[in-house]
Amino acid sequence: HKDFFRIAHGHYYNEGDIVAVEAAPGHDIGIVTLVGETARLQMRRKKVDPNSEDIKRIYRRARVSDIEKWIIAVEREDSTMHKTKNIANHLSLEMKFNDIEYQGDNTKAIFYYTAEERVDFRELIKKLAEEFRIRVEMKQIGVRQEASRIGGIGSCGRELCCSTWLVNFTSVTTNSARVQQLSLNPQKLAGNCGKLKCCLNFESDHYLEALKTF
């Protein structure tokens, strides 16, 4: 996941730096992807107040010991996923786990899941906390977000837009396909997530503009 963090006065960071950042609770490890004016533009685009007290801080550049602990945490994710699915099945919960993300200090994990209906996972959280000795946060996501976390190759032969560069999921309707005079074939219009492909929106505005002159 991505988030915005405040840099302490007198400190400077570059894109690609591995840093220790404030988390709730403890600390997390991350990689800097944007700094300076570009980051401010993204904050404005996402309507985040730069002066908000809720913005967490960057503590420092990550030490070797921080990175080693982070790697250990990441290596736990696959085995945790397998055990979590078994526990959920044992409790007969109608939910599908898509991804598990450990915090850099190995004290907390976010469990991403999809579900058709509301799920009472209180008992599951207790069992997960006992099994893995961590704080547990459950986060429900949609099928588009699920595809972006899992990744894959689209029918165009390229890696999925949602898992490489697309950050905002806007609604896609069959009207976008009609405007571009595409065949309304559900198999061709659906992406890996089963929903209409996000790329149907990419050229829709150009077609609308061009059709005015016909």
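Our subject is the structure that appears above.
These lines cover the structure that appears in this document, whether it is placed above or below. Fair warning: this is a prediction, and the values are worked out from it, not measured in the lab. For every chain, the first residue of the written sequence is number 1, and numbering continues from 1 onward in sequence order. Residues qualify for local features only when their pLDDT is at least 70, as the model is predicted, and side-chain atom pairs are given and counted only at 80 or more; totals for whole chains, interfaces and linings, by contrast, use all residues. Neither water nor hydrogens contribute to the side-chain values; these are computed over all heavy atoms in the structure.

Overview of the overall build of the protein chain
The cut-off we apply is this: A helix here means a DSSP run of H or I that spans at least four residues, while a strand means a run of E at least two residues long, and both kinds are numbered starting from the N terminus. Accessible area is worked out with a 1.4 Å probe on protein chains only. A residue is then buried under 20% of its type maximum, exposed over 50%, and partly exposed in between. Here, two residues are considered to be in contact whenever any of their heavy atoms come within 4.5 Å of each other. Per-residue accessibility takes into account occlusion by the displayed protein chains alone, with areas from the Shrake-Rupley method and a 1.4 Å probe. We count Lys and Arg on the positive side and Asp and Glu on the negative side, and we leave His and both chain ends out. By convention, the point assigned to a charge is CZ for Arg, NZ for Lys, CD for Glu and CG for Asp.
Each helix and strand counted, the protein chain has nine helices and seven strands in total. C-alpha atoms of the protein chain, sized along the principal axes, occupy 65 × 50 × 30 Å. Out of the 214 residues belonging to the protein chain, those deemed buried represent 34%. When contacts within the protein chain are restricted to residue pairs at least 6 apart in sequence, those whose partners lie at least 24 apart make up 61%. Within the structure as shown, the protein chain displays about 14600 Å² of accessible surface, and the carbon and sulfur contribution to it stands at 50%. The averaged location of the 30 negative side-chain charges in the protein chain is 2 Å from the averaged location of its 33 positive side-chain charges.

Examining the sheet that holds strand 4 (residues 56–61)
Sheet strands pair via backbone hydrogen bonds, and the direction of the pair is either parallel or antiparallel. Threshold: When DSSP finds two or more bridges between a pair of strands, those strands are recorded as paired. Structural elements are reduced to axes, namely lines fitted to C-alpha atoms, with helices fitted over the stretch in contact, and the angle between N-to-C directions of any two is expressed from 0 to 180 degrees.
Ordered by their spatial adjacency, four strands build an open sheet running 1-4-2-3, and the pairing between neighbours is mixed. With one partner strand each, in any of the chains shown, strand 1 (5–6) and strand 3 (27–31) form the two edges of the open sheet. Along the sheet, helix 2 (residues 64–75) makes contact with strand 2 (18–22), strand 3 and strand 4, crossing strand 3 at roughly 90°.

Brief notes about the packing of aromatic side chains
Quick note on the threshold: Aromatic rings from Phe, Tyr and Trp, taking only the six-membered ring of Trp, are treated as a pair when their centres fall within 6.5 Å; an angle between ring planes under 30 degrees marks them as stacked, one over 60 as edge-to-face, and anything in between as tilted.
For the coordinates displayed, the defined rule picks out four aromatic pairs. Ring plane angle 80° and centroid distance 6.4 Å describe the contact between Phe97 and Phe111, whose orientation is recorded as edge-to-face. Of the two residues, Phe97 is situated in strand 5 (residues 96–102) and Phe111 in strand 6 (residues 108–114); the sequence distance between them amounts to 14 residues. Ring centres of Tyr113 and Phe121 lie 5.8 Å apart, and the angle between their planes is 75°; this geometry places the pair in the edge-to-face category.

Describing the sheet that holds strand 6
An order of 5-6-7 is seen for the three strands of this open sheet, with the pairing classed as mixed. Here the strands that pair on one side only, and so sit at the sheet edges, are strand 5 and strand 7 (135–140). The mean inter-strand angle of the sheet, taken between neighbouring strand axes irrespective of direction, is 25°. Judged from the six bridges that link them, strand 5 and strand 6 form a sheet pairing that is antiparallel. By the bridge assignment for strand 6, Asp99 is matched with Tyr112. Relative to strand 5, helix 3 (residues 77–90) is tilted by about 140°, and along the sheet it contacts strand 5 and strand 6. Its contacts with the sheet place helix 4 (residues 122–132) against strand 5, strand 6 and strand 7, and it is angled at close to 135° to strand 7.

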